Amino acid sequence: MPALPLHTAGKYVAAAYLVVFTLVLIYVAIMAAKISRIEREVESINELLDERGG
Amino acid sequence: MRSYVAIHLSIVLAVGVLITGAIWAKGSWGHWWVWDEPTLVSFLIIFLLYCCYQPLRFSIEDPERQARYAAVFAIAAGAFVPVNFIAVRLSQSFSHPRVLSATGGNMPGSMRLTFLVSLAAVALLYVTLWKLELTSKHASMELKKLRRRLELAYEERPAAGAPAPPVGTVPASPSDR
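Residues numbered from 1 in each chain as written. Chains lettered and ligands numbered in written order. Predicted model: local features only at pLDDT ≥ 70, side-chain atom pairs only at ≥ 80, totals over all residues.

Participant: I'd love a proper account of the packing of helix α1 (residues 2-29) of chain B against helix α6 (residues 109-156) of chain B, names of residues and values included.
Facilitator: Residues and elements named next belong to chain B. For the pair α1 and α6, interaxial distance at closest approach is 10 Å and the crossing angle is 130 degrees. Between α1 and α6, the interaxial angle falls into the category oblique. Relative to α6, the crossing made by α1 is right-handed. Packed against α1, whose contacting residues are Arg2, Val5, Ala6, Leu9 and Leu13, the element α6 presents Tyr126, Leu129, Trp130, Glu133, Leu134 and Lys137 at the interface. Partitioning the contact of α1 with α6 into residue classes produces 8 nonpolar, no polar and 3 charged. (Axes fitted to C-alpha atoms, helices over the stretch in contact; angles between N-to-C directions. Helix = DSSP H or I, 4+ residues; strand = E, 2+ residues; numbered from the N terminus. Parallel < 35°, antiparallel > 145°, perpendicular 65-115°, else oblique. Left-handed = near helix turned anticlockwise from the far one by under 90°. Contact = placed C-beta atoms within 7 Å. Nonpolar A, V, L, I, M, F, W, Y, C, P; charged D, E, K, R; others polar.)

Participant: Can you tell me about the domain arrangement of chain B, naming the residues and giving the values?
Facilitator: All names here are of chain B. Assigned domains within chain B: domain 1 (1-96) and domain 2 (113-156). Centre-to-centre separation of domain 1 and domain 2, based on C-alpha positions: 23 Å. Between domain 1 and domain 2, the residue contacts involve 6 residues of the former and 6 residues of the latter. Grouping the constituent residues of the side of domain 1 that touches domain 2 by class yields 5 nonpolar, no polar and 1 charged. (Domains from an automatic or database assignment.)

Participant: For the environment of Val34 of chain B, give the residues involved together with the corresponding values.
Facilitator: Mapped onto the fold, Val34 of chain B is located in the loop between α1 and α2 (38-51). It is 9.3 Å that separates the C-alpha atoms of Val34 of chain B and Ala22 of chain B, two residues lying 12 residues apart in sequence.

Participant: An account of the interface of chain A and chain B is needed here, citing residue identities and associated values.
Facilitator: With 22 residues of chain A at the contact, the number on the chain B side is 27 residues. When grouped by side-chain class, the residues that make up the side of chain A that touches chain B number 16 nonpolar, 1 polar and 5 charged.

Next up, the structure:
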């Protein structure tokens, strides 16, 4: 027997899933931004080395 | 660095625990938060303790002292985790029945399977995100070192036919140009 009937518990469960999903999404988005910044930095260093090498 | 990333990620997930726990409490107890409930307050204390980790770490400049003090703090704060676990077990008021115990607990079989699968999924998510952030931090640190070495190399040995750029002019990223 669940602690709450489904028609009452449904909105709370949905809210909890939404919170977890949003948190993970924000975290992954921040990490993606950091990784793309690292990629840009690697690219700029490569370009610089090409200029110096050429 | 590994403990720093682990604690950072744990704080993010602990925010989720606090919010979803409050939602559960509202559904089950009719209150978002109960201040005289030891299960909630002990978790909040641990959360606030770990929130102090990063300010403490970055308030120390010497890297060796920073690592040592941060490790001591992390271990001392970790001692509160079993306290929190025991508080949940000892709590009489409000708490749901003990769902996990040596004798099987009070969780129905179908619910137990869902719980264990969810537990494994969250653990895997944690490890994946931890590795991702750790790799990103290492890459960032290596890039900083590489840039510093390049600056030094340009300063010491300018390329033929080109004047050496002064230190600090090697672009950090396209946005810095």
